[in-house]
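Chains, contacts and geometry: an overview
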Amino acid sequence: MAEQSRTPHTRTASYLAEPGEVHRVLLLYSGGLDTSVMLKWIQDEYDAEVVALTVNLGQPGEDYDVVQGKALQLGAVAAEVVDAREEFARDFVVPAIKANAIYGLAYPLFTALGRPLIAKLAVDYARKHGCDTIAHGCTGKGNDQVRIEATVATLAPELKVIAPVRGWQMGREEEIAYARQHGIPIKGGAEHTPYSIDDNLWGRSSEGRWIEELDHAPDDDVFQLVTRPELAPDEPEVVNVGFERGVPVALNGERLGIVELLERAAEIGCRHGVGIVDHIEDRIVGLKVRDIYEVPAAAIILPAHAELERLVGTIHQNQFKGELDRKWAYLVYAGLWWEPLRTDLDAYMEAVNAQVTGTIGMKLFKGMARVVTRESPNAVYDAALSTFETSGGLFSQQASPGFIELWSLQSRMAHRLRTRDEG
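This text gives an overview of the structure that appears in the document. (Residues numbered from 1 in each chain as written. Predicted model: local features only at pLDDT ≥ 70, side-chain atom pairs only at ≥ 80, totals over all residues. Heavy atoms only, no water.)

**So, unusual backbone geometry**
Not every positive phi belongs to a glycine, and Asn100 is a case in point at roughly 45°. In this structure, Asn100 sits in the loop between α3 (85-98) and α4 (110-128). Despite not being glycine, Arg245 shows a phi value in the positive range, around 50°. Here Arg245 lies in the loop between β8 (237-244) and β9 (247-251). (Helix = DSSP H or I, 4+ residues; strand = E, 2+ residues; numbered from the N terminus.)

**Looking at the side chain of Arg342**
Position of Arg342 relative to the elements: it lies in helix α11 (residues 340-353). Of the residues examined, Arg342 reaches a relative accessible area of 7% and is grouped as buried. Beyond its immediate chain neighbours, meaning those up to four positions away, Arg342 contacts Trp328, Leu331, Val332, Leu336 and Trp337. (Buried < 20%, exposed > 50% of the residue type's maximum accessible area, 1.4 Å probe, protein only. Contact = heavy atoms within 4.5 Å.)

**Considering the pairing of β9**
Across the 5 residues that make up β9, a large majority, 4, are buried. Two elements, β8 and β9, share 4 bridges in a ladder whose sense is antiparallel. Looking at β9, one finds that Val241 is bridged to Leu251. In textbook terms, the turn of a hairpin is the stretch between consecutive antiparallel strands, and for β8 and β9 this stretch comprises 2 residues, one of which, Arg245, has a positive phi near 50°. As paired strands, β9 and strand β10 (residues 254-255) are joined by 2 bridges and run antiparallel to one another. Along β10, the bridge assignment pairs Ala250 with Arg255. Taking the residues that link successive antiparallel strands as the turn, the β9-β10 hairpin has 2 residues, and the phi of Asn252 there is positive, at about 50°. (Pairing = 2+ DSSP bridges.)

**Brief notes about the sheet that holds strand β3 (residues 78-83)**
Here we have 5 strands laid out as an open sheet, ordered β3-β2-β1-β4-β5, and parallel in their pairing. Both edges of this open sheet fall to β3 and β5 (160-162), since each of them pairs with a single strand only. Taken over all neighbouring pairs, the strand axes of this sheet differ in orientation by 25° on average, direction set aside. Here strand β4 (residues 133-135) pairs with β5 via 3 bridges, running parallel. In the sheet register, Ile134 faces β5, and the bridge partner there is Val161. Sheet contacts for helix α1 (residues 33-46): β1 (24-28), β2 (49-56), β4 and β5; angle to β1, the most-contacted strand, approximately 170°. (Axes fitted to C-alpha atoms, helices over the stretch in contact; angles between N-to-C directions.)

Right under this line is the structure:
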């Protein structure tokens, strides 16, 4: 093996594995260059058996039979493929919808939501196959290492972790050379550096290449999911999203299971160019980075849910919940899915969403998605009270002057005192 590929074995956390502790490894395996090189490298570096685990969270265009076959071809003693789309949608995306989960005003947390589930499944299958160590392909500059390792350390303190990419000091060219030397097929070839992609039911991210240049406008080839808005249909489309207790259950009146609903919403959003996000993000490891996101389903469902929630909530609920939504999103982004505060917040989210039943109409047109209609049996709204066409009734306009005098009392007193002090 090339000398530069060896990892300096320095334990800086109790859950990190020493070489002598590694005998059978559960590798989170995608079939891409990094994890394919890793599968062979772990066998050679640690003289260990490797069990490959591939998790389907709704990544489009993936042939899991090919991925599984490749893992076995590269020497895995077992290769598991788990379809976790239903669990991901039900137990991770739905709570995020109830929490209107957005980080940094733009990122709907699709990767952040997937990682704790992937890591939980890694723990389950590591125990099933008698593994002592879990390996992942995250770098030392990203958030995903935090999300995965924090989950493993929380759920399975008996298991150790290795993260070869953090230490082996191979760049892409060295990985390609290693792959060629060991007969490892390179997915998509090696003619140029690809974007770094992560995707699931809830969205897709692209990093690398020109994306790291802040003065470089997006190249068209980065958008492999969402239609560029200028090429979207010239006619708008209204999508009616039906909710029950905060859970999306129907599109345009047709009841759908949660996975199919997310897929259908994404398909409609993609067609209309909805959900493109060019975003500067503050990572928890201290870096500020640029990401290109394609989030068509989230761009339709999240604003629809938030609007319905505002319709059925009081002013006090709506002002307060936004603060909790931001805290919930930060905890998940920061890799703290298993933090008790997150489940505490979930209890409040459930209580508020008990009233979030109804339908929101979203108009989609050339990259834009906006609310156009609202309906709920629980709406804290009465047209007879709100209208300017009539006076009197349940709302006494004659009472308003007295309310205004009391409402502004302290502000008026403070203004007079400050004016006096200023001479």
